[in-house]
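Understanding the architecture of this molecule
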Amino acid sequence: MSNADESPLGDAGSTYIESQIIMVTVRIIAPFAFTYGLFLVFHGSGSPGGSFQGGAIVGATVLMIAFAFGIEPTRDWIRNRTVVGLAAGGVTAFAMVGLVPMLLGGNFLEYERYKTDLGIEVKYGLEAIEIAGVAPIVAGVIVGLFFLLAAGAMQEPPSEEVSNDE
């Protein structure tokens, strides 16, 4: 196939178009965006922002990388099991922090049980929910939904065959 026969989208209808400007810009901005997202996650209870916003920024940084360097290379770099593990691990951490007080005779997410029964400060229960629970869930869901939607967009539409029997 000659260059004149290729589609404007690249090879055989690919949705990825390489842009050196976007690639260089993402290479510069992605580390700062990722670091800012982690900053919000780790300082969420003591400063403006929080784990939800930080997880969203971390997930959006992965999307930015996928837009710049292609969805398939990014999907190869961050495998589906990693994304699922991130979200499932966040749910597990959230459940564990919430269920430990129930095992000690309290209610779900009753942080005072950590202080009275285990001698752990209440703020550490909140931090565990934010850092190990909410942020990974949000980042995993954002990246997972993006990959899911991208997989559907990359499929070829069904061809409609017209019948001349009528």
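Below you will find a few notes about this structure. (Residues numbered from 1 in each chain as written. Predicted model: local features only at pLDDT ≥ 70, side-chain atom pairs only at ≥ 80, totals over all residues. Heavy atoms only, no water.)

1. Observations regarding the pattern of salt bridges
Quick reminder of the rule: Think of a salt bridge as a Lys or Arg side-chain nitrogen and an Asp or Glu carboxyl oxygen that are within 4 Å of each other. A run of DSSP states H or I qualifies as a helix once it reaches four residues; a run of E qualifies as a strand once it reaches two. Both are numbered from the N-terminal end. Buried, partly exposed and exposed residues are distinguished by accessible area as a fraction of the type maximum, computed with a 1.4 Å probe on protein chains only: under 20%, between the cut-offs, and over 50%, respectively.
If you walk through the whole model with that rule in mind, you get four salt bridges. The residue Glu72 makes a salt bridge to Arg75 at a minimum N-O spacing of 3.5 Å. On the criterion of helical spacing, the pair formed by Glu72 and Arg75 is a turn pair, its members being three residues apart in helix 3 (residues 71-77). A salt bridge links Arg113 to Asp117, with the shortest nitrogen-to-oxygen separation between them at 3.5 Å. Residue Arg113 and its partner Asp117 are located together in helix 5 (residues 112-118), separated by four residues, close to a single helical turn. Note on Arg113: relative accessible area 23%, which makes it partly exposed. Ionic contacts of the salt-bridge type, sharing partners, join the residues Glu110, Arg113 and Asp117 into one network.

2. As for the environment of Ile142
Operational definition: Any two residues having at least one pair of non-hydrogen atoms within 4.5 Å are treated as being in contact.
Tracing the backbone through its elements, the reader meets Ile142 in helix 6 (residues 122-154). Sequence separation between Ile142 and Ile57 is 85 residues; the distance between their C-alpha atoms is 9.7 Å. Not counting the four nearest positions on each side in its chain, Ile142 is found in contact with Ala56, Gly59, Ala60 and Leu63.

3. Things to note about helix 2 (residues 51-69)
What counts here: Expected helix span is taken as 1.5 Å per residue step, with the number of steps being one fewer than the number of residues.
The terminal C-alpha atoms of helix 2, which comprises 19 residues, lie 27 Å apart, in line with the 27 Å expected from a rise of 1.5 Å per residue. Of all the residues in helix 2, the buried ones are Ser51, Gly54, Gly55, Val58, Gly59, Thr61, Val62, Leu63, Ile65, Ala66 and Ala68.

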